[in-house]
Amino acid sequence: MLGCIWQYFYTSFLRYWLKWLIRQATGKCELQRICSGYKPGATRTIKAEYAVRSSKSKTLRGALETNKDKLEDRVDQIMKVKSISSQKDPRFKKSLHICLLQITGHSSLCASVEDMRKQVFTSESQEHEAKLLKLWDLLMPAVKLESRITKQWGDIGFQGDDPKTDFRGMGMLGLINLVFFSENYTEKARQVLSHANHPKLGYSYAIVGINLTEMAYSLLMNGALKPHFYNTVQGAPELQHFHQLYCYLAYEFDRFWMAEEPESIMHFNQYREKFHNIVKTHLQDPDVSLKLTVCSGKN
């Protein structure tokens, strides 16, 4: 209760006067101090986002909903409102522009990923069917698929004769992630598949992959991935950056699973949660970068 009262008092009254006093002492507004006092990356952008979101100025708060192509004009408006001279602070405009690109880009990425998740896989779509068959060809180039509906799908970790039923939770997002990993890191994807087919330590490659898509999706939507994207993308994060993050999870989960040597696939949820906690711990590091360090390889 006391914490809530203090938070309200600080954000509603005290914070404004502290900002005013510091500006009088330094000659710089809060955004200027953030942009000049921190290197490009998560710490700077997260502080800038909080400052903009907490501002009493509609011009500043409106920047969070500004289209990418209009952000530069919005920065000019902010500089005018805050009486910031580009001659006295020549790096401010570029620094704030990058921060706003990252912030608004993250919001746009969430919307794009959500749209992809809601897109239902349908056999009536030639594009959907082509992607599914491409996944098989990438992972099993030496084995011909006997028919579209076949038990062979179990060889790459689907549950039944028709994989479309496995995409119900994550929609096309799950399939696109699987194809992206297999296409851009073909050798590593096949290596992971070989581990998944291990007689003792095996797991369902495709099903676990879709489960990891859900993990990546949840981390994105609750904001946990912001530090990663703000550190690794000097601009607006896009779908390809989300897919790259999925590749990291797919590869690292396989390494984790093989190192842990679970007694049975029946313990999957336990080990999945352990891996999830490891990832969340990494994301607490302000310098986090969840990048797949192996070279991309296509056969």
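Structure's up top.
Residues numbered from 1 in each chain as written. Predicted model: local features only at pLDDT ≥ 70, side-chain atom pairs only at ≥ 80, totals over all residues. Heavy atoms only, no water.

Novice: Can you lay out the packing of aromatic side chains for me, pointing to particular residues and giving the numbers?
Specialist: Inspection of the entire model under this criterion finds 15 aromatic pairs. Relative to Phe167, the ring of Phe121 lies with its centre 5.6 Å away and its plane at 35 degrees, an arrangement referred to as tilted. With a gap of 46 residues between them, Phe121 in the loop between α6 (92-118) and α7 (126-139) and Phe167 in the loop between α7 and α8 (171-184) connect regions that are remote in the sequence. Judged by its relative accessible area of 7%, Phe121 falls in the buried class. For the ring pair Phe253 and Trp257, a centre distance of 5.8 Å and an interplane angle of 35 degrees mean the geometry is tilted. Taken together, the residues Phe253 and Trp257, both in helix α12 (residues 239-260) and four residues apart, mark about one turn of the helix. Taken together, the aromatic side chains of Tyr203, Phe253, Phe256, Trp257, Phe268, Tyr271 and Phe275 make up a single cluster linked through ring pairs. (Phe/Tyr/Trp six-rings, centres within 6.5 Å; stacked < 30°, edge-to-face > 60°. Helix = DSSP H or I, 4+ residues; strand = E, 2+ residues; numbered from the N terminus. Buried < 20%, exposed > 50% of the residue type's maximum accessible area, 1.4 Å probe, protein only.)

Novice: Mind laying out unusual backbone geometry, listing which residues take part and the relevant values?
Specialist: In this structure, Ser83 is a non-glycine residue whose phi angle is positive, near 55 degrees. Among the structural elements, Ser83 can be located in the loop between α5 (71-81) and α6. Its relative accessible area of 60% is what places Ser83 among the exposed residues.

Novice: Which residues make up the nonpolar core, and what are the values?
Specialist: In terms of nonpolar packing, the biggest core is built from 66 residues, with Ile156, Phe158, Leu178, Phe181 and Tyr205 touching the most fellow members. Counting residues per element, the ones that place at least two in this core are α6, α7, α8, α9 (186-196), α10 (205-221), α12 and α13 (268-282). The leading source of residues in this core is α12, at 12 residues. Excluding anything up to four places from it in sequence, Phe158 contacts Leu132, Leu135, Trp153, Pro163, Asp166, Phe167, Leu178, Ala206, Ile207 and Ile210. Counting residues in each nonpolar core, the second largest holds 23 residues, with Ile34, Val75, Leu96 and Tyr230 among its members. (Core = buried A, V, L, I, M, F, W, Y, C linked by side-chain atoms within 4.5 Å. Contact = heavy atoms within 4.5 Å.)

Novice: Would you mind going over the pattern of salt bridges in detail, with residue names and values included?
Specialist: Tallying each qualifying case throughout the model produces 15 salt bridges. Across the pair Lys151 and Asp161 runs a salt bridge whose closest N-O atoms are separated by 3.9 Å. Here the residue Lys151 occupies a position in the loop between α7 and α8, and Asp161 occupies one in the loop between α7 and α8, the gap between them amounting to 10 residues. A residue is classified by how much of its surface remains accessible, and Lys151, at 68% relative accessible area, is exposed. The network of salt bridges with shared partners includes Glu49, Arg53 and Lys226. (Salt bridge = Lys/Arg side-chain N within 4 Å of Asp/Glu carboxyl O.)

Novice: Break down the layout of surface pockets for me, with residues and values.
Specialist: By volume, the second largest pocket amounts to about 190 Å³. If you go around the second largest pocket, the residues you meet are Gln32, Cys35, Ser36, Tyr38, Lys39, Pro40, Arg44, Asp89, Pro90, Arg91, Phe92 and Ser95. If you list the elements that add at least two residues to the lining of the second largest pocket, you get α2 (30-37) and α6. No other element matches α2, which puts three residues into the lining of the second largest pocket. Counted by class, the lining of the second largest pocket contains five nonpolar, three polar and four charged residues. (1 Å grid on protein atoms, 1.4 Å probe; cavity = no way out; pocket = protein on both sides within 12 Å on 5 of 7 lines; lining within 4 Å. Points joined across faces, edges and corners; volume = space filled by probe spheres on them. Nonpolar A, V, L, I, M, F, W, Y, C, P; charged D, E, K, R; others polar.)

Novice: An account of the side chain of Glu49 is requested, with residue identities and associated values reported.
Specialist: Mapped onto the secondary structure, Glu49 falls in helix α3 (residues 42-54). Aside from chain neighbours lying at most four places away, what touches Glu49 is Ile103, Lys226 and Tyr230.

Novice: Any details on α7? Residues and values, ideally.
Specialist: Its 14 residues place the ends of α7 20 Å apart at the C-alpha level, agreeing with the 20 Å of an ideal helix rising 1.5 Å per residue. Those residues of α7 not exposed but buried are His128, Glu129, Leu132, Leu135, Trp136, Leu138 and Leu139. As for α7, its buried residues are in contact with α8, α9 and α10. (Expected span 1.5 Å × (residues − 1).)

Novice: How would you explain empty space enclosed by the protein if you had to name every residue and give the values?
Specialist: Scanning the model with the defined rule gives two cavities of 30 Å³ or more in all. Its volume calculated, the largest cavity comes out at about 80 Å³. Lining the largest cavity are Leu178, Phe181, Val192, Tyr203, Tyr205, Val208, Gly209, Leu212, Tyr246, Ala250, Phe253 and Asp254. When its residues are assigned to classes, the lining of the largest cavity shows 10 nonpolar, one polar and one charged.

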